[in-house]
Amino acid sequence: MAELLKKGQMKPGAVAEAGSMARLNTGTWRTYCPVSDLEKCNHCMICWLMCPESAVQVEDGKKVGTNLQYCKGCGICATECPVDAIEMKLESEMSEDEKKG
Amino acid sequence: MATTSLKQLCEMPDLLSGGHAACPGCAGPVAIRQILLAAQQDDTYVVASISTGCMEVSTTVYPNSAWRIPLFHSAFENSAATISGAETAYRSLKKQGKIDKKIAFIAFGGDGGTYDIGLQSLSGALERGHNFTYVCYDNEAYMNTGIQRSGSTPKGAFTTTAPAGKVEPGKRQRKKNLTAIVAAHDIPYVAQASPHRARDLMNKVQKAVATEGACFINVLSPCPRGWRYAPDQTFQIAKLAADTCVWPLYEIEDGKLTINYKPREKKPMLDWLKSQGRFRHLFTPQNEHLVEEIQQDVDREWQRLLTLEAMGKETAQ
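The rules we used
Residues numbered from 1 in each chain as written. Chains lettered and ligands numbered in written order. Predicted model: local features only at pLDDT ≥ 70, side-chain atom pairs only at ≥ 80, totals over all residues. Heavy atoms only, no water. Helix = DSSP H or I, 4+ residues; strand = E, 2+ residues; numbered from the N terminus. Buried < 20%, exposed > 50% of the residue type's maximum accessible area, 1.4 Å probe, protein only. Contact = heavy atoms within 4.5 Å. Areas by Shrake-Rupley, 256 points an atom, 1.4 Å probe, with all protein chains shown as cover. Rg over C-alpha atoms; globule rule 2.2 N^0.38 Å. Lys, Arg positive; Asp, Glu negative; His and termini not counted. Charge placed at Lys NZ, Arg CZ, Asp CG, Glu CD. Buried area = accessible area lost by both parts, 1.4 Å probe. Salt bridge = Lys/Arg side-chain N within 4 Å of Asp/Glu carboxyl O. Polar contact = N/O pair within 3.5 Å; in protein donor to acceptor, adjacent residues only side chain to side chain. Axes fitted to C-alpha atoms, helices over the stretch in contact; angles between N-to-C directions. Nonpolar A, V, L, I, M, F, W, Y, C, P; charged D, E, K, R; others polar. Pairing = 2+ DSSP bridges. Phe/Tyr/Trp six-rings, centres within 6.5 Å; stacked < 30°, edge-to-face > 60°.

**A closer look at the overall build of chain A**
Each helix and strand counted, chain A has four helices and four strands in total. Seen in sequence order, chain A has helices and strands lined up from the N terminus as α-β-α-β-β-α-β-α. Here chain A holds 101 residues, and the buried ones make up 44% of them. Nonlocal contacts in chain A, meaning residues at least 24 apart in sequence, comprise 62% of its contacts between residues at least 6 apart. Accessible surface, chain A: about 5900 Å² in total, of which carbon and sulfur atoms supply 50%.

So this is what it looks like as structure tokens:
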């Protein structure tokens, strides 16, 4: 097929690079920001599984934080957390340091 | 061996990236990620097609794609026809010795693209018996164009084309029972699932992928915009759907029906109707009779499933 494309005998449809939406920033949609208490967290991974934005960051099977580039602030993680380790805070009232937490 | 263990799954590559444009609180991307994680394991790769719909417009905004698997979007009505072609080409290439990878073919469609517009192409693909799995994510209306009624919209729900007012009570007709229609094709595997019970959904996907022949999974996908509830409640709503038996979780393997979740106490339809703004108008004196009708419809379907399950057990003995 690559040969046909080169010869101009075949026109490709609209082809998008796999996973290229990952470079977009949907964090600007957010009104409420999830703040995780990682000491309270029991790393059950329910928030990771239930997050529509793939925004829960995991390293070595443990939750390490939220990717604010993607998080739209829907609050599913806070509602589903079985140990209440996530709190949704109004982002406009938060300092930059608080957001990192 | 395919796994559904969360500790293992979270180490696997994420096959649907963030940065997509689905509304906050949408259950669609969650269902798709769970499905892809369950399907693309060990030596199996996934190739998918998707019909036009919420998940297509929000995850493939040109010139980008959120999918990290080969994905084909053709049109609204032919997700099943597209995957039939891909699967047939794969079989031919395999016969010719030009490909040796193991590929699971999955077609995605919303309720508009499955219950209504794509029903004939789905029916055709099921009848021809291609080796693929069709996944319908059912959000019960045409949500990406702004909440128009579909064959899947339940009775009494408000949509912009089945409005609620002084005369109209929202949609007058019942929801089409697509899972039963698909089961009538006598395909080897049919299931109904919901992303709030992730392990159940992922088990069903793995069963479907491992089954030779056409398989179908109908997945409930609560929609905060169209159903009118707060976005953080998505999986609580999904849970309520299972607890009120509005969305029974069951599977049919070679004609044998098993109900995978029976609520300890079947909750009344009132709980379900009151949880969402799209049913708000039902609680007026002129529409009260509808609540009773809706309860009867749900009870009848639940009873039908219980009977079918009992019949399957009897014939096995």
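**Points about the overall build of chain B**
Broken down by element type, chain B carries twelve helices and eight strands. For 317 residues, the compact-globule estimate of 2.2 N^0.38 gives 20 Å, and chain B sits close to it at 19 Å. Relative to its 317 residues, chain B shows a buried fraction of 56%. Restricting to contacts in chain B with at least 6 residues of sequence separation, those with at least 24 account for 69%. Accessible surface computed for chain B: about 13300 Å², of which carbon and sulfur atoms make up 54%. Taking the average location of the 36 positive side-chain charges in chain B and that of its 32 negative ones, the two points are 2 Å from each other.

**Considering the interface of chain A and chain B**
Residue-level contacts link 33 residues of chain A with 43 residues of chain B. Both sides of the chain A and chain B interface together cover about 2900 Å² of buried area, and 60% of this is carbon and sulfur. Three residues, A:Met21, A:Trp48 and A:Leu49, lead the burial of chain A against chain B; their summed loss comes to 24% of the area buried on that side. At the junction of chain A and chain B, the tally comes to zero salt bridges. Where chain A packs against chain B, one counts 22 residue pairs in polar contact (both at pLDDT 80 or more). Sorting the residues of the side of chain A that touches chain B by element identifies helix H2 (46-50) and helix H3 (76-80) of chain A as the ones contributing at least two each.

**A few points about unusual backbone geometry**
Cis geometry marks the peptide bond from B:Tyr62 to B:Pro63; its omega dihedral reads 5 degrees. The topology assignment puts B:Pro63 in the loop between helix H3 (54-59) and strand E2 (71-73). The phi angle at A:His43 is positive, at roughly 55 degrees, despite the residue not being glycine. Tracing the backbone through its elements, the reader meets A:His43 in the loop between strand E1 (32-36) and H2. With a relative accessible area of 14%, A:His43 lands in the buried category. One non-glycine residue, B:Arg228, lies in positive phi territory at about 65 degrees. Here B:Arg228 lies in the loop between helix H9 (224-227) and helix H10 (234-243).

**Re the packing of helix H4 (residues 79-95) of chain B against helix H6 (residues 119-128) of chain B**
Residues and elements named next belong to chain B. The geometry of H4 relative to H6 is characterised by a closest axis approach of 7 Å and an angle of 35 degrees between their N-to-C directions. The segment H4 lies against H6, with Ser 79, Ala 80, Ala 81 and Ser 84 engaging Ser 121, Leu 122, Ala 125 and Arg 128. Counted by class, the contact of H4 with H6 contains four nonpolar, three polar and one charged residues.

**With respect to the side chain of B:Thr4**
All names here are of chain B. Following the sequence through the fold, Thr 4 ends up in the segment before helix H1 (6-9). According to the relative accessible area criterion, Thr 4 is buried, its value standing at 10%. If we ignore the near neighbours within four places in the chain, the residues touching Thr 4 are Leu 9, Arg 199, Met 202, Asn 203 and Gln 206.

**A closer look at the pairing of strand E4 (residues 133-138) of chain B**
Residues and elements named next belong to chain B. Burial analysis of E4 places six of its six residues in the buried class, which makes it a mostly covered element. Because side chains alternate across E4, one face comprises the buried residues Thr 133, Val 135 and Tyr 137, and the other comprises Tyr 134, Cys 136 and Asp 138, equally buried. One ladder, built from five bridges, connects strand E3 (residues 102-110) with E4; its direction is parallel. Paired with Ile 106 across the bridge in E4 is Thr 133. Both E4 and strand E6 (residues 215-220) contribute to a ladder of six bridges, which runs parallel. Pairing of Cys 136 across the sheet is with Asn 218, part of E6.

**Quick notes on the pattern of salt bridges**
Residues and elements named next belong to chain B. Enumeration according to the criterion identifies 22 salt bridges over all chains in this entry. Here Glu 293 makes a salt bridge to Lys 155, at a shortest N to O gap of 2.9 Å. Taken together, the residues Glu 293 in helix H12 (residues 288-316) and Lys 155 in the loop between E4 and helix H7 (178-183) connect sequence positions 138 residues apart. Relative accessible area serves as the criterion here: at 30%, Glu 293 is assigned to the partly exposed category.

**Some details on the packing of aromatic side chains**
All names here are of chain B. All chains considered together, the criterion is met by six aromatic pairs over all chains. With 6.1 Å between their ring centres and 70 degrees between their planes, Phe 76 and Tyr 142 make a pair best called edge-to-face. Within this pair, whereas Phe 76 is found in the loop between E2 and H4, its partner Tyr 142 is found in the loop between E4 and H7, the two being separated by 66 residues in sequence. On the basis of relative accessible area, Tyr 142 is assigned to the buried category, the value being 17%. Ring centres of Trp 227 and Tyr 229 lie 6.4 Å apart, and the angle between their planes is 65 degrees; this geometry places the pair in the edge-to-face category. For Trp 227, a relative accessible area of 0% corresponds to the buried category.

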